[in-house]
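Observations on the three-dimensional arrangement
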Amino acid sequence: MTTITNINLHSPSLVLDTIFTWKGSGQPMQQRNSNCWDSRCQLRIYQAYSMPNIVICSDLDEEDTGTSITNSVEGLATLISQQYQNTVLSRPRWCLGNDFLFIEHYPHNKRSENKKPEEFTLVQFNWDGKQFYQPRWSPLTPNIVLALINQHGS
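Residues numbered from 1 in each chain as written. Predicted model: local features only at pLDDT ≥ 70, side-chain atom pairs only at ≥ 80, totals over all residues. Heavy atoms only, no water.

1. Description of the overall build of the protein
To keep it simple, the criterion reads: The helix and strand labels rest on DSSP assignments: H or I over at least four residues marks a helix, E over at least two residues marks a strand, and numbering proceeds from the N terminus. The buried label applies to any residue whose accessible area, calculated with a 1.4 Å probe on protein chains only, is under 20% of its type's maximum; exposed applies above 50%, and partly exposed to all values in between. Contact between two residues is taken to exist if any of their heavy atoms lie within 4.5 Å; hydrogens are not considered. To be clear on the numbers: accessible area is Shrake-Rupley with a 1.4 Å probe, and residue cover counts the displayed protein chains and nothing else.
Scanning the protein for helices and strands turns up three helices and six strands. Looking at the 154 residues of the protein, the share that counts as buried comes to 44%. In the protein, 61% of the contacts between residues at least 6 apart in sequence involve partners at least 24 apart. Counting every atom, the protein has about 9000 Å² of accessible surface; 49% of that belongs to carbon and sulfur.

2. Some thoughts on the pairing of strand S6 (residues 132-140)
So the rule is basically this: By the convention used here, strands pair only if DSSP detects at least 2 bridges between them.
Relative to S6, strand S5 (residues 119-127) runs antiparallel, the two sharing seven bridges. Residue pairing for S6: Phe120 is matched across the bridge by Leu140. Between S5 and S6, which pair antiparallel in sequence order, lie four residues; one of them, Gly129, sits at a positive phi of approximately 95°.

3. Focus: the packing of aromatic side chains
Keep this limit in mind: Centres within 6.5 Å make a pair out of two Phe, Tyr or Trp rings, where for Trp the six-membered ring is used; the pair is then stacked when the planes are under 30 degrees apart, edge-to-face when over 60, and tilted otherwise.
Enumeration according to the criterion identifies six aromatic pairs in this entry. Ring geometry for Phe100 and Phe132: centres 5.7 Å apart, planes at 70°, overall edge-to-face. With Phe100 in strand S4 (residues 100-106) and Phe132 in strand S6, this pair connects stretches of sequence that are 32 residues apart. Note on accessibility: Phe100 and Phe132 belong to one class, buried.

4. Points about the pairing of S4
Residues in a regular strand project their side chains so that they alternate between the two faces of the sheet. Judged by how many residues are buried, S4 sits mostly within the fold: five of seven residues are covered. As paired elements, strand S3 (residues 53-58) and S4 share six bridges and run parallel to each other. Paired with Val55 across the bridge in S4 is Phe102. Across five bridges, the pairing between S4 and S5 is antiparallel.

Put into structure tokens, the structure is as follows:
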């Protein structure tokens, strides 16, 4: 019997590892509405020399974590950008660009009999100056994700 495991996302470039909570599908009006449901994911932010920040939002593999990352991706990316723009997402002048790479991560589900391996997806957006919109998804292999996060920290 083959055991499916998730890759280790710890890296010297990891600067934030927390549980991120948002309301509903992540839209601005929902954040102030106590009637909207809480949604949660694991948020990891990596900083590497002369590369954009890398943001990985991982499903918690738990019951009742609210709206999925995929179904609230534009609002979620906007909220993360707003909350961390002056701290871990701020970039030194010598670094190329001031953007970040947004990666959705669905680990191998321990609660299911499904033997599906973990999935990583790069999400690219348009930006209107206030929020992200029009997401586009591209699958990534675990090896590509490891190569990205294992760049030397700044």
